[in-house]
Structure formats: structure tokens, C-alpha cells
Amino acid sequence: MRKFDTQVQYLKYKVLREVARCAFEDRLFDCYNDIPKIIVKGKEATMRCCVYKERAIVSERIKLATGGDKSNSNVIEVIEIACDECPVSGYTVTDSCRGCIAHRCEDNCPKGAIYFDRNQKAHIDKEKCVECGKCAKVCPYTAITNSKRPCENACKIGAISMNEDKCAAINYDKCISCGACVYQCPFGAVSEKSFILDVIDFIKKSENNSKYRVYAVIAPSISSQFSYAKLGQVVTGIKELGFHHVVEAALGADLVAYKEARELKEKEFLTSSCCPAFVKYIETQFPQLKENISHNLSPMAEIAKYIKEQDPECKIVFIGPCTAKKAEFQRETVKPYIDSVITFEELQALFDGKGLEINTLEEGVLDNASYYGRIFARSGGLADAVEEAIKEQEPTDFKLNAISCDGIEECRMALLKASKKVLPNNFIEGMACVGGCIGGAGCLTHGEKNRNEVDKYGKEAYEKSIKKAISIYIDE
């Protein structure tokens, strides 16, 4: 029964599971002594040069699992000791070089970094090369290629480079915490901080105080995860962990769609506010468009705000696929409503850390959102929901002309056109992860089947209109 896409995810999960187990059993001080030995046994340490290095890396993973570097506010960090297996990125001359006499590569190099051996084969002096790529552009044999490390290649906004020790380095001014580098790093050297200890602490306090309730707000993309159990069993499992109630973030999505439809009609051009990585990208790379970001909260924060109004002393934990949500809940506008965020990977670790076999549990039920709120989980769903919300509101001649950007590269192109006032659309749905939330770095699994599962889940919604789903939350 495979729960993860890769062995790297599985290794992260094992560390998180053992940290959760120690925390539930009130022996957290044993983490650093016991967990590396549990996870890394001598004969199994095949990934590294020796068992001792492997255990040292696991110790660094434990630090991230227990909150990471408190002086660094970014949620993504590099485990430098684990970042030593990838070849150095940059332009290299391949065996396709024919040793021609044209030497266009040499003539076009601005730094004199090209030299030739006695067979006239070209080579690049890495001390002089500035990675401009001019040599590669003019080579008639396309013999010069630019190889990138997986983390650099995954980061489409250029926030990752190499430091003087040839380890990955993150530019935190650029980083949008999308987690693409986390998912793509083959050695798990790039990872995100975990707040599972805070969540376990909330749960334990609620067990000793009947007035202290902990709510779980779950993302609609959960419908495509935990394939070995039914969704209702996952809901029951969350309650068995100690959560008082489980609420759909899709209800917040319905609220956001309704409000964004109104805001769009007033302003006539808008970008969505649901994906925190997309919002951060606009703020850092297209600041001239900041005023066009929807002023509504994200679905996570919107429904949490309503819960806090009803139960001010409660704690609310968002559970979803997104590493960027770990950054969002720390923003001043969201802090009052969300107390912590964990991913589906971490939820699995909590289940197993407490010894819960969720596929043996009875099925619980979720509050009913609409079909449109639930399909926010995949690319295009948000735009479909806003279009429906426009139709459900007072009669209007306003026409939605949306562009759904699937991944940060498509977001960049749309925002670039918008900044130059040549974008024909009046609404940008921005999703930093390819596929939407179902492509988030904190998912257990990724793939096209996840989109189908989300649509199926949406069609099971009892409420058939957005307005009906949110009737108790809005005043008309």
C-alpha cells in the first residue's frame, strides 16, 4: 500500500511520524537520540557514504520537523549536508562538439572562457564563465548545453542559486514558498518547516480543557489523497486525533467566489487572492499590480474568520497540500484566524504517530459546500466558481473573461501582459502549482487522476448553488 510518490517523501514522512510519536507520548527529548537510529540502520544506509552521515542528515530533518530555524521566517530551508550529490549547474560542452574551425563559440564569448584542446574540441573555463549562454546559441551542432540542478530547474522564479560551497541557496526576497524545489529535489536536501508540534500541543491542551476547542479546516484537494481509505474515514481519523470539528475550506471558497464576483464587477479587473504563492509573486515581481489583487481573504482564512467569530477562544489548523500556506498564516491579515498549518504528508504522519489505522474507522461526514467551492482544488475551478457567482447575483450585463494560469510560468506571462495593459482578460486565476492545489508540494500523490477525483467529489456536493451553500454566512 504505497502512500507517497517518491522515497524522498517517504523518508520525510518517517521522520515526521517519529517526531509525532514522541510528542504524543511526552518524550520529545528522545527525538535526537532515538529517531536517527530508528530510521537509519547500518546496512540500510545506502544513499550516502556512511551511516554516520545519513544519521547526521536525519538529525537536520528532525530540526525542520520540530520547527526549523526560528531566526529564519521563510518556510523553505536547505539541509546543506544533504546537498552534495548533484553536479554543478551551468554550460558544458558535450561529445557532440565536432572540433570545427569556425569557432563561433569562442568569438561570441564576452569573457574569453572558451578554449580548445589539440583536437580542436571546445572546453569552458568555469572560472571565467558567467553563464550568459551566448556560446550555446551560436554552436551549429547544439553541442553546448545548459544543465541545471533539479531544484534550480523546478524554481521558475529564479530564487535558487549555488553558494560558495556549491550547495543550494535560496533568495528569500524572491522565494514564494511554493515548494516546487522541495518536491523535485532527489535527495530531499530542500525541505519545509513543520508545525506539527504546535498542532499536537493544541490537541493536548484541548483534552484537558473542555472549553478549548481545536478545529480542522481541510482543503478540498483532500478528496484526491489518502487513496487507501474513504474520505469519511479520513474525517473520522482527524477527529480521533483530537480535533473538535472538521470543516471544509470549500465553504470558504464559496464565500470567496461570491465576494470576488462582486469585487470584480466593481473594479473591472482583478487577480485572485486564493493562492498565497501567486499573491507573493505579484507583490515581489509585479508590485504595480498589487492593487489589482482581490482584497478578499483566501478560502482558508475566510471560513476560519467565521469560526473564530463563533468561538473566539478556539484554535484553527488548516490541513492541505500547500507549503505556501505555512507562510500565509503568519501574515498580519491572516494571523488572527489561522493558528497553524500542516500538509497532507504531515497529517499522515500524525495518524501513524498516534497509531491510527484510518481505513478501519467508520465514515464521518463533512459540512456541505457547493460543487463550485470544491473544484477550487484544481486549475480552472476558481474561474468557474466566479463565473457561477456572477450569474447567481443580481442581474447584470457584466461578462467574465477569465484566464486560468496553470503554474507560475503561465502566471508570469499573464501578469506581464497585464502590467503592459495588453491582457484581453478581466480576471486572472493564478495557481503557482501546475494542476492547481492538487499539484501542491505537500500532497501525498500527484497526477491527472487527482483532477478527476476532485471533480467527482464536487459532483457529490449536496448544495447545487454557491448562494445556497453560503446562505447562513451572508446577509443579502
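Engineer: Please give an account of the environment of Val8 that cites residues and values.
Structural biologist: Relative to the elements of secondary structure, Val8 occurs in helix H1 (residues 7–24). Each C-alpha atom of the pair Val8 and Phe195 lies 19 Å from the other, and the pair is 187 residues apart in sequence.

Engineer: Which residues make up the sheet that holds strand E14 (residues 402–406), and what are the values?
Structural biologist: The strand order E11-E15-E14 describes an open sheet built from three strands, whose pairing is parallel. Where the open sheet ends on each side, the last strands, each with one partner, are strand E11 (270–271) and E14. Here E14 runs beside strand E15 (residues 427–431); their pairing, made up of five bridges, is parallel. Across the sheet, residue Ile403 finds its bridge partner in E15, namely Ile428.

Engineer: Let's hear about the sheet that holds strand E9 (residues 214–218): which residues, and what values?
Structural biologist: Across the sheet, which stays open at both edges, the four strands sit in the order E10-E9-E12-E13 with parallel pairing between neighbours. For this open sheet the edge positions go to strand E10 (245–248) and strand E13 (340–343), each flanked by a neighbour on one side alone. Going across the sheet, the axis of each strand differs from the next one's by a mean of 25°, ignoring polarity. Pairing of E9 with strand E12 (residues 315–320) involves five bridges; the strand directions are parallel. Looking at the pairing, Ala216 lines up with Val317 of E12. The sheet contacts of helix H8 (residues 196–207) involve E9, E12 and E13, and relative to E13 the element is tilted by about 115°. Helix H12 (residues 299–310) contacts E9, E10, E12 and E13 of the sheet and is inclined by roughly 155° relative to E12.

Engineer: Report on the packing of helix H9 (residues 231–241) against helix H14 (residues 344–353), specifying residues and quantitative values.
Structural biologist: Two elements in contact, H9 and H14, have axes separated by 10 Å at closest approach and are oriented at 65°. Where H9 crosses over H14, the two elements pack in a sense that is left-handed. Contact residues: Val234, Gly237, Ile238 and Leu241 in H9; Leu347, Leu350 and Phe351 in H14. Its residues placed into classes, the contact of H9 with H14 shows six nonpolar, one polar and no charged.

Engineer: Can you explain the layout of surface pockets? Please cite residues and give values.
Structural biologist: Sizing a probe to match a water molecule and rolling it over the atoms shows the empty space that remains. What the largest pocket holds in volume is close to 570 Å³. What lines the largest pocket is a set of 27 residues, among which Ala180, Ala432, Cys433, Val434 and Gly439 lie closest to the centre. For the lining of the largest pocket, the secondary-structure elements that each account for two or more residues are helix H6 (150–154), helix H7 (180–184), helix H17 (408–419) and helix H18 (448–459). Tallied by class, residues from the lining of the largest pocket come to 13 nonpolar, nine polar and five charged.

Engineer: Summarise the nonpolar core; cite the residues concerned and give the values.
Structural biologist: Counting 76 residues, the largest nonpolar core has Phe226, Ile238 and Leu347 as the members making the most contacts within it. Ignoring any residue separated from it by four or fewer positions in sequence, one finds Ile238 in contact with Ala216, Ile218, Phe243, Val246, Ile319, Leu347 and Phe351. Listed in part, the 44 residues of the second largest apolar core include Leu64, Ile170, Val182 and Ile282.

Engineer: Give me the lowdown on H17, citing residues and values where you can.
Structural biologist: Counted at 1.5 Å a residue, the expected span for H17 with its twelve residues is 16 Å, and the 16 Å between its end C-alpha atoms agrees. For H17, the full list of buried residues reads Ile408, Cys411, Ala414, Leu415 and Ala418. Seen along its axis, H17 keeps its buried residues to an arc of 120°; they face one direction. For H17, the elements touching its buried residues are E11, helix H11 (276–285), E14 and E15.

Engineer: How would you summarise the packing of H11 against H17 if you had to cite specific residues and measurements?
Structural biologist: Close contact between H11 and H17 brings their axes to 11 Å; oriented N to C, the two are set at 40°. For the element pair H11 / H17, the angle class is oblique. Crossing hand, H11 versus H17: right-handed. Residues Phe278, Tyr281 and Ile282 of H11 form the contact with H17, whose participating residues are Ile408, Cys411, Arg412 and Leu415. Grouping the constituent residues of the contact of H11 with H17 by class yields six nonpolar, no polar and one charged.

Engineer: How would you summarise the environment of Ser294 if you had to cite specific residues and measurements?
Structural biologist: Relative to the assigned elements, Ser294 resides in the loop between H11 and H12. For Ser294, a relative accessible area of 5% gives the class buried. For the pair Ser294 and Lys464, spaced 170 residues apart in sequence, the C-alpha separation works out to 25 Å. In contact with Ser294, other than residues within four places in its own chain, are Glu260, Glu263, Leu270, Thr271 and Ser273. In terms of polar contacts, Ser294 uses its side chain to reach the side chain of Glu263, at 2.8 Å.

Engineer: Could you give an account of empty space enclosed by the protein, with specific residues and numbers?
Structural biologist: Applying the stated criterion across every chain yields a total of eight cavities of 30 Å³ or more. Contributing to the lining of the largest cavity are 26 residues, with Cys274, Cys275, Cys322, Lys325 and Cys437 lying nearest its centre. The set of elements that each furnish at least two residues to the lining of the largest cavity consists of helix H10 (249–267), H11 and H12. With three residues, the top contributor of residues to the lining of the largest cavity is H10.

Engineer: So, the packing of aromatic side chains: which residues are in play, and what are the values?
Structural biologist: Taken as a whole and assessed by the stated rule, the structure comprises eight aromatic pairs. Arranged with centres 4.9 Å apart and planes meeting at 40°, the rings of Phe4 and Tyr13 form a pair that is tilted. Summarising the aromatic geometry, the rings of Phe226 and Phe344 are spaced 6.2 Å apart at their centres and angled 80° between planes, so their arrangement reads as edge-to-face. Placement of the pair is Phe226 in the loop between E9 and H9 and Phe344 in helix H14, with a sequence separation of 118 residues.

Engineer: Quick rundown of the pattern of salt bridges? Include the residues and the values.
Structural biologist: Applying the stated criterion across every chain, the model contains 25 salt bridges. Linking Arg21 and Glu18 is a salt bridge whose minimum nitrogen-to-oxygen distance equals 3.1 Å. Placement of the pair is Arg21 and Glu18 together in helix H1, with a separation of three residues, close to one helical turn. What makes Arg21 partly exposed here is its relative accessible area of 24%. Salt bridges sharing partners connect three or more residues here, namely Lys12, Glu192, Lys326, Glu345 and Glu346.

What counts, and at which threshold
- Residues numbered from 1 in each chain as written.
- Predicted model: local features only at pLDDT ≥ 70, side-chain atom pairs only at ≥ 80, totals over all residues.
- Heavy atoms only, no water.
- Helix = DSSP H or I, 4+ residues; strand = E, 2+ residues; numbered from the N terminus.
- Pairing = 2+ DSSP bridges.
- Axes fitted to C-alpha atoms, helices over the stretch in contact; angles between N-to-C directions.
- Contact = heavy atoms within 4.5 Å.
- Left-handed = near helix turned anticlockwise from the far one by under 90°.
- Nonpolar A, V, L, I, M, F, W, Y, C, P; charged D, E, K, R; others polar.
- 1 Å grid on protein atoms, 1.4 Å probe; cavity = no way out; pocket = protein on both sides within 12 Å on 5 of 7 lines; lining within 4 Å.
- Points joined across faces, edges and corners; volume = space filled by probe spheres on them.
- Core = buried A, V, L, I, M, F, W, Y, C linked by side-chain atoms within 4.5 Å.
- Buried < 20%, exposed > 50% of the residue type's maximum accessible area, 1.4 Å probe, protein only.
- Expected span 1.5 Å × (residues − 1).
- Arc of directions from axis to C-beta.
- Parallel < 35°, antiparallel > 145°, perpendicular 65-115°, else oblique.
- Polar contact = N/O pair within 3.5 Å; in protein donor to acceptor, adjacent residues only side chain to side chain.
- Phe/Tyr/Trp six-rings, centres within 6.5 Å; stacked < 30°, edge-to-face > 60°.
- Salt bridge = Lys/Arg side-chain N within 4 Å of Asp/Glu carboxyl O.

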